[in-house]
Amino acid sequence: VSDLWRAYRREIAVELQVVDAYLAYVFVTGVLQFAYCLAVGTFPFNAFLGGFISCVGSFVLTVGLRMQINPENRKDPNNRWQSMTLRRAYGDWLLANLILHMACLNFIG
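Let us look at the structure shown here. (Residues numbered from 1 in each chain as written. Predicted model: local features only at pLDDT ≥ 70, side-chain atom pairs only at ≥ 80, totals over all residues. Heavy atoms only, no water.)

### Topic: the packing of helix 2 (residues 14–40) against helix 3 (residues 45–69)
Move 1: Two numbers describe how helix 2 lies on helix 3: the axes approach to 9 Å, and their chain directions differ by 160°. One way to sum up the angle between helix 2 and helix 3 is to call them roughly antiparallel. As for the relative orientation of helix 2 and helix 3, their crossing is left-handed in sense.
Move 2: Residue composition of the contact of helix 2 with helix 3, grouped by class: 14 nonpolar, six polar and three charged. (Axes fitted to C-alpha atoms, helices over the stretch in contact; angles between N-to-C directions. Helix = DSSP H or I, 4+ residues; strand = E, 2+ residues; numbered from the N terminus. Parallel < 35°, antiparallel > 145°, perpendicular 65-115°, else oblique. Left-handed = near helix turned anticlockwise from the far one by under 90°. Nonpolar A, V, L, I, M, F, W, Y, C, P; charged D, E, K, R; others polar.)

### So, a nonpolar patch on the surface
Move 1: Taken together, the side chains of Phe 27, Val 28, Val 31, Leu 32, Val 56, Phe 59, Val 60, Val 63 and Met 67 present a nonpolar region at the surface, about 760 Å² in accessible area.
Move 2: Elements represented by at least two residues in the nonpolar patch include exactly helix 2 and helix 3.
Move 3: Looking at the nonpolar patch, the element that brings in the most residues is helix 3, giving five residues. (Patch = residues over 30% accessible without salt bridge, like charges linked within 9 Å, V, L, I, M, F, W, Y side chains within 5 Å. Areas by Shrake-Rupley, 256 points an atom, 1.4 Å probe, with all protein chains shown as cover. Salt bridge = Lys/Arg side-chain N within 4 Å of Asp/Glu carboxyl O.)

### Comments concerning the packing of helix 3 against helix 5 (residues 86–108)
Move 1: Between helix 3 and helix 5, the shortest axis-to-axis distance is 9 Å and the interhelical angle comes to 170°. By the angle between their axes, helix 3 is roughly antiparallel relative to helix 5.
Move 2: Of the residues belonging to the contact of helix 3 with helix 5, the class tally is 15 nonpolar, nine polar and no charged.

### Re the packing of aromatic side chains
Two descriptors summarise a pair of aromatic rings, namely the distance from one centre to the other and the angle between the planes of the rings.
Move 1: Across all of its chains, the model carries seven aromatic pairs by this definition.
Move 2: Through a chain of ring-to-ring contacts, three or more aromatic side chains come together here, namely Phe 34, Phe 45, Phe 48 and Phe 52. (Phe/Tyr/Trp six-rings, centres within 6.5 Å; stacked < 30°, edge-to-face > 60°.)

As structure tokens, this is what we get:
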């Protein structure tokens, strides 16, 4: 495990490590919300769904961002993100997260 961790720290760009840390945080938050729902109950159900959908949506959008900003993916000539700038990738991610969280807040009521 320690060799895997050292290789990850050495070979993966710091920018991607930050994205991976955020992915881990969102994943753990979603798991904790689901565990709380199983242990305590679903009342109020809209609040649980809004929070859980927020976690799942954030995770999916961030995986898409990670795929777009990964230098190895950007080198591939067959990659459709090669012509997209990093600024646009981050902008699209921010806009999509804003829309997602507005929908979640609207769903909560």
